[in-house]
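In case you want the letters, here they are:
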Amino acid sequence: MRIDETHRVWLVASIVILGAATAVYVIYALAAPHGPSGGSPIGLVFGFTGFGFMIYAGLLGARKKVPIMRLGRAQGWMRGHLWLGLLALPLILFHGGFHFGGLLTSILLWLLIITVLSGVFGAILQHYLPTVILERVPMETIYDEIDRVRDQLRVEAEGFVADLCGGGVPEAEAMALVPEGGIRAGGFTAMRPRGGGGVQYGLTEAEVEPVRSFFQTEMLPFLLEPSAKSSRLGDDTRAVAAFTKLRMLAPAAAHPVIANLENLCEEERQLTRQARLHKMLHTWLLVHIPLSLALLLLSVFHAVIALRY
Amino acid sequence: MSTLFGTFLGPMVQLTIDGKEVAAPASATIFDAARAHGIPIPTLCHMQNETPVGVCRLCVVEAGGRVLTASCVRQVENGMKVVTNSDRVLAARRTLLEILMSDHPSPCARERQSGDCELEMQARNHGITEIRYPKRYFTRPKDDSSLAIAVDHEACILCDRCIRGCNEIRQNLVLGRMGKGAGAGVAFDLNTPMGESSCISCGECMVSCPTGALTNKRIAGTELPIPAGAVPAEPEDLLELPVFKGVSGTFLEMNKGAIVKRSFHPGDVICREGDFGSTAFYIAEGKAAVSISTPMAHVKTHGGAGGWFSRLTSSLIGRDSDAREEETSQGYIPIDASVDLAYSNPVAELGPGDLFGEMTCMSFYPRSATVKALTDCTMYEMLRNVLDILLKNKSFRARLGKEYKRRALETHLRGVPMFSELSPDFVERLMDNVKLIRLSPGQVICKQGEPADSFYLVRIGFVKVTETYPGGELVIAYLSRGDSFGEIGLLGAGARTATCTALDHVELVKISADDFNAMVDQFPGVRRGLQALADERQRQNAERMAALGTISLDSFLGQGLMEAQSLLVLDLARCTRCDACVRACADAHDGITRLVREGQRFDRYLVATSCRHCKDPLCMVGCPVGSIRRRNSLEVIIEDWCIGCGLCARNCPYGNINLHPFQVMADDPDNPGRRIAMVKQKATSCDLCTEHAEPSCVYACPHDAAHRVDPRKFFSELLGTKV
């Protein structure tokens, strides 16, 4: 979620809550003869409030499971998750008097710190990465569609090369890329225009050989395994150099085809970039969510044990 | 010898033709006398069953005078010496033929079709191989507007045979001459395209034409298959039917393969909803039931989780118990037949004289309903060229017109609550006075600014309503079967406020201004209802026109965003690609999403693949059962009775309508009377989650990235800063 001026109310409210809590804590810490304690009434208030914020933050996951239930707009829940989840850390620190305590409480506090930090890290990613994707992946597609679009790119490239050098793409293979239920069913990706198709260039074998060779030895392996570090086509600058060199070797009539191949490589790189950024945007959740669950469960356990005994 | 002229005869005269002494009635022409005695005289403009006019001059002969004379109009005289093949005569004919051939598009359509263009045959007979005269410096047009007959004015030799066939033989008075000199030609009515004229497609002109100027238009592959229980319809049998009375037998012979006579037994399925076809059926005997599959009830999800919880909070709401506020105005499902179907019980009966499948046949729309034989039935299945002949036939129209008008008025006029207070007497009066009019695709019904002279009900087809503004034209609405228009001009200033154009083959019930005014004067409730409708339409039009003036940007227009009323836009600088919007949409619609998080970009916004509720909703054009339509609040919705033909999905330029399989109970084709579970396609598109205050996709977006917006307002600031 992008943190911008629309968060002003939450920011002010959080500062007020934090300020108030800090003031209470300072007064309480100075006045307590044995120092602040989690078991004291004020310590318990901090503990319950912090736990309540954690519960609220944790409920976002449950809220997402019922997206159409009218329980308040999801963005409101998300803002609450961000700010109250963040506030939970100082409140719990006030609750424990900045002491880690025993094993369980130490684990709990570390879990909370890591969870909050991972959440802050995720919020930073979510603040910046969408803009990065917007700017660096203009040919963005649906993440789950990337493999299929890659297949389309490969078939398209083979079509261009076949038109120039002879041979062709098996029809069955091309048709296999049409989504089930027809072109429309896949939405915009399925309607993506495809190139290639029966243009005759009238070049000799010798003239088209550099293109054929380049395609077979460099481009096709790159299209099949775009994340391979060894391919120079995976790098913007080196790819430009590679295609510039290819243009010098091939006759002018082949240059439009080379331009098309270069565009396909650019799209392939963008897909790779998109996949990488998408993973960055979501992988932190693999840490944040399990730790949050563990934190909540252990917090309940801690509360029961502490209050019971 | 006298027997050569039959029995009417009268006084006989003696004359010599090519040296041969012959006798002929005094009233006969030289042409008739020569032909009766086996002496051929070539002609182009003369037909034995038409009044001779002597315009082509090919039949000239020497009859003793200073100049050659046209034998088809010159009467015989006693002692006359006629020479039909002198050098002078032959030279004159060759000159005439050369002049005619110089302008003739040889080989013409008739020569190509059947090799019997009379002009080209005469030219060959006279040994004309080279033309010495220059070709006409301008070309004459072709007229392809008729479904049955092709017109090529370039091949017309102005022999007038078609005009005499139309006016003398059939007495239809459609064809005539127009223009002068080199610009002269034949014309339908006041020089309107044939398909839009009052021509009834009897075929007499085409049968009379000696060249390829008027030819039979055979649609490619028009030979209908002859399934079991069917026999080819012979022209002689068809001419026995009252509905084909007045049609040229030759014309029917030419279209022989395009109509078959079929027999059905009770329970036989004649056509099935959603199937594609190209034929219409005329019921000669027997009765048939027309129906659509039981409409699926609305799936209403009252908020809830996915999976089993979603099912718990979803319910199937029946049609009757879920009538929308605006649906009080329409209680029927329009289909491609002379009857409509009730919401509650979508079954009706068709009987002898009824015609169904007109829209499928004329405009290739999918079948809108399933028709089953109730009794032993005899039907004529026909292709569009024959249907066109039938629909234009005077006797057919006279027979069906009254019934159609009654049904149209009963269903579409009295069925609307606004008109419910019309008395039976007044409806009877309307029935006598209203006219059924047919229009071809593209034909303008009324133009903006013209005086308003009538009110219309749409019986068949689609009408596009547009309003012009400085610099362009705005599509206001598409009207289909059951809709009405024309009330604004009649109730207001007296001028049309919009232009209405037939999008396909349209049939309208036309109520004159006099009858309309009598109706609103006599029934104040009708006036109030119509006035309210007119006010609402004008208010909406004014809103649209006002919006038009605010934004004009090529890229904005290029993406069709101007056409949208409501766009789902995703702010890509905020969107984390979590797909919460897609999941919410799927949860709200029984597990099937109606949006795809992909589409065109405008600045940092992604215009998602989801219904835009266009101002010009092309998707609505052609729906055979009218299930995709606009609500009063202008969003486009797809009703339950969608038959899954997919036409709307193909029409949508943005790929925003998809077809999804649903399980329904339907008739078992193998076991009549039994119902089985079947998978049926149904079109789906965004319905804006109208049962909620906000679309679920927007509501469920945790990052404030998804918005449903009016593009003009939403982008206006952006456009203003970028320009």
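Computed from a predicted structure; not experimentally measured. (Residues numbered from 1 in each chain as written. Chains lettered and ligands numbered in written order. Predicted model: local features only at pLDDT ≥ 70, side-chain atom pairs only at ≥ 80, totals over all residues. Heavy atoms only, no water.)

Caption draft 1: Quick peek at the overall build of chain B. Within chain B, the regular secondary structure consists of 21 helices and 39 strands. By the burial criterion, 58% of the 723 residues in chain B qualify as buried. Relative to all contacts within chain B whose residues are 6 or more apart in sequence, the contacts with residues 24 or more apart total 70%. Here chain B has roughly 30000 Å² of accessible surface; of this, 53% comes from carbon and sulfur atoms. (Helix = DSSP H or I, 4+ residues; strand = E, 2+ residues; numbered from the N terminus. Buried < 20%, exposed > 50% of the residue type's maximum accessible area, 1.4 Å probe, protein only. Contact = heavy atoms within 4.5 Å. Areas by Shrake-Rupley, 256 points an atom, 1.4 Å probe, with all protein chains shown as cover.)

Caption draft 2: Expanded view of the overall build of chain A. Secondary structure summary: chain A contains 11 helices and zero strands in total. Its helices and strands taken in sequence order, chain A reads α-α-α-α-α-α-α-α-α-α-α from the N to the C terminus. Relative to its 309 residues, chain A shows a buried fraction of 44%. For chain A, the proportion of contacts with a sequence separation of at least 24, taken over those separated by at least 6, is 74%. Counting every atom, chain A has about 15800 Å² of accessible surface; 69% of that belongs to carbon and sulfur.

Caption draft 3: Representation of helix α3 (residues 74-96) of chain A in the model. All names here are of chain A. End to end, α3 covers 32 Å across 23 residues, agreeing with the expected 33 Å (1.5 Å per residue, within 8%). Most of α3 is tucked away: 20 of the 23 residues are buried. Backbone geometry just after α3 places glycine 97 at a positive phi near 60°. (Expected span 1.5 Å × (residues − 1).)

Caption draft 4: Layout of the interface of chain B and chain A. If you look at the interface, chain B gives 42 residues, while chain A gives 39 residues. Overall, the association of chain B and chain A removes approximately 3300 Å² of surface from exposure, summing both partners, and the carbon and sulfur fraction of that is 54%. The three residues of chain B that bury the most area against chain A are Arg577, Glu598 and Tyr699 of chain B, which together make up 22% of that side's buried surface. Remark: the boundary between chain B and chain A carries five salt bridges. Note that glutamate 140 of chain A and arginine 601 of chain B form a salt bridge whose closest N and O atoms lie 2.9 Å from each other. Here chain B and chain A share 15 residue pairs in polar contact (both at pLDDT 80 or more) between them. (Buried area = accessible area lost by both parts, 1.4 Å probe. Salt bridge = Lys/Arg side-chain N within 4 Å of Asp/Glu carboxyl O. Polar contact = N/O pair within 3.5 Å; in protein donor to acceptor, adjacent residues only side chain to side chain.)

Caption draft 5: Spotlight on the nonpolar core. Residues and elements named next belong to chain B. One finds Leu214, Phe244, Met382 and Leu387 to be the most contacted residues of the largest nonpolar core, which totals 61 residues. When residues in this core are grouped by element, the largest group, five residues, is from helix α11 (residues 384-392). Both domains that meet at this core, namely domain 1 (2-85) and domain 2 (118-124 + 127-216), each give it at least three residues. Residues contacting leucine 214, with those up to four places away along its chain left out, are Ile149, Ala150, Val151, Cys162, Phe188, Cys205, Met206 and Cys209. (Core = buried A, V, L, I, M, F, W, Y, C linked by side-chain atoms within 4.5 Å. Domains from an automatic or database assignment.)

Caption draft 6: Structural context of helix α18 (residues 580-588) of chain B. Residues and elements named next belong to chain B. Counting buried residues along α18, eight of its nine residues qualify, which places the element largely inside the surrounding structure. Of the positions making up α18, those classed as buried are Ala580, Cys581, Val582, Ala584, Cys585, Ala586, Asp587 and Ala588. Once α18 finishes, aspartate 590 follows within two positions and takes phi at roughly 60°, a positive value.

Caption draft 7: Inspection of the environment of leucine 224 of chain A at higher detail. Residues and elements named next belong to chain A. Here leucine 224 is to be found in helix α8 (residues 205-224). In this structure leucine 224 comes out as exposed when scored by relative accessible area, which is 57%. Spatially, the C-alpha atoms of leucine 224 and aspartate 151 are 8.5 Å apart, while their sequence positions differ by 73 residues.

Caption draft 8: View of the confidence of the model for chain B. Residue and element names in this part refer to chain B. On average, chain B scores 80 in pLDDT, and the residues at 70 or more come to 84%. The secondary structure element of chain B with the lowest average pLDDT is strand β16 (residues 298-301), at 49, and the one with the highest is strand β3 (residues 60-61), at 94. Within the model, the stretch residues 301-306 combines pLDDT values under 50 with 27 contacts to residues more than four positions away or in other chains. (pLDDT = per-residue confidence, 0-100.)

Caption draft 9: Inspection of the sheet that holds strand β22 (residues 370-373) of chain B at higher detail. Residues and elements named next belong to chain B. Ordered in space as β13-β22-β15-β20, the four strands form an open sheet in which the pairing is antiparallel. In this open sheet, the two strands that pair with only one neighbour each are β13 (269-271) and β20 (347-350). Across the sheet, the mean angle from the axis of one strand to that of its neighbour is 30°, orientation sign disregarded. (Pairing = 2+ DSSP bridges. Axes fitted to C-alpha atoms, helices over the stretch in contact; angles between N-to-C directions.)

Caption draft 10: The arrangement of the pattern of salt bridges in detail. A full pass over the atoms with the stated rule returns 36 salt bridges over all chains. Across the salt bridge formed by glutamate 349 of chain B and lysine 287 of chain B, the nearest N and O atoms sit 3.6 Å from each other. Residue glutamate 349 of chain B is found in strand β20, and its partner lysine 287 of chain B is found in the loop between β14 (280-285) and β15 (288-291); the two are separated by 62 residues along the sequence. Classification of glutamate 349 of chain B by relative accessible area gives partly exposed; the value is 44%. In this structure lysine 287 of chain B comes out as partly exposed when scored by relative accessible area, which is 39%. Ionic contacts of the salt-bridge type, sharing partners, join the residues Asp4 of chain A together with Asp571, Arg574 and Arg604 of chain B into one network.

Caption draft 11: Structural detail: unusual backbone geometry. All names here are of chain B. Between serine 106 and proline 107 the backbone carries a cis peptide bond, its omega angle lying at -5°. You can see proline 107 is positioned in the loop between α2 (87-103) and α3 (109-114). One non-glycine residue, arginine 57, lies in the positive phi region at around 65°. With respect to the helices, strands and loops of the structure, arginine 57 is situated in the loop between α1 (30-36) and β3. Residue arginine 57 is classed as partly exposed on the basis of its relative accessible area, which comes to 36%. At leucine 688, a residue that is not glycine, the phi angle is positive and equals roughly 60°. Position of leucine 688 relative to the elements: it lies in the loop between β38 (675-684) and α20 (696-699).

Caption draft 12: Region of interest: the packing of helix α5 (residues 146-165) of chain A against α8 of chain A. Residues and elements named next belong to chain A. At a minimum axis distance of 10 Å, the contact between α5 and α8 shows a crossing angle of 170°. By the criterion of interaxial angle, the relationship of α5 to α8 is roughly antiparallel. Note on element contacts: α8 touches α5 through Glu205, Val208, Val211, Arg212, Phe215, Met219, Leu220, Leu223 and Leu224, opposite Leu153, Arg154, Ala157, Glu158, Val161, Leu164 and Cys165. Here the residues of the contact of α5 with α8 sort into 12 nonpolar, no polar and four charged. (Parallel < 35°, antiparallel > 145°, perpendicular 65-115°, else oblique. Nonpolar A, V, L, I, M, F, W, Y, C, P; charged D, E, K, R; others polar.)

Caption draft 13: Broad picture of the sheet that holds strand β6 (residues 142-143) of chain B. Residues and elements named next belong to chain B. Reading across from one edge, β6-β7-β10 is the order of the three strands in this open sheet, with antiparallel pairing throughout. Where the open sheet ends on each side, the last strands, each with one partner, are β6 and β10 (214-216). The sheet contact formed by β6 and strand β7 (residues 149-152) spans two bridges and is antiparallel. Each residue of the ladder has a partner; that of lysine 142, found in β7, is aspartate 152.

Caption draft 14: Just the pairing of β15 of chain B, in detail. All names here are of chain B. The alternating pattern of β15 places Ala288 and Val290 and Ala289 and Ser291 on opposite faces, both of which are buried. In this sheet, β22 lies alongside β15 in antiparallel orientation, the contact comprising four bridges. By the bridge assignment, valine 290 is partnered in β22 with valine 371.

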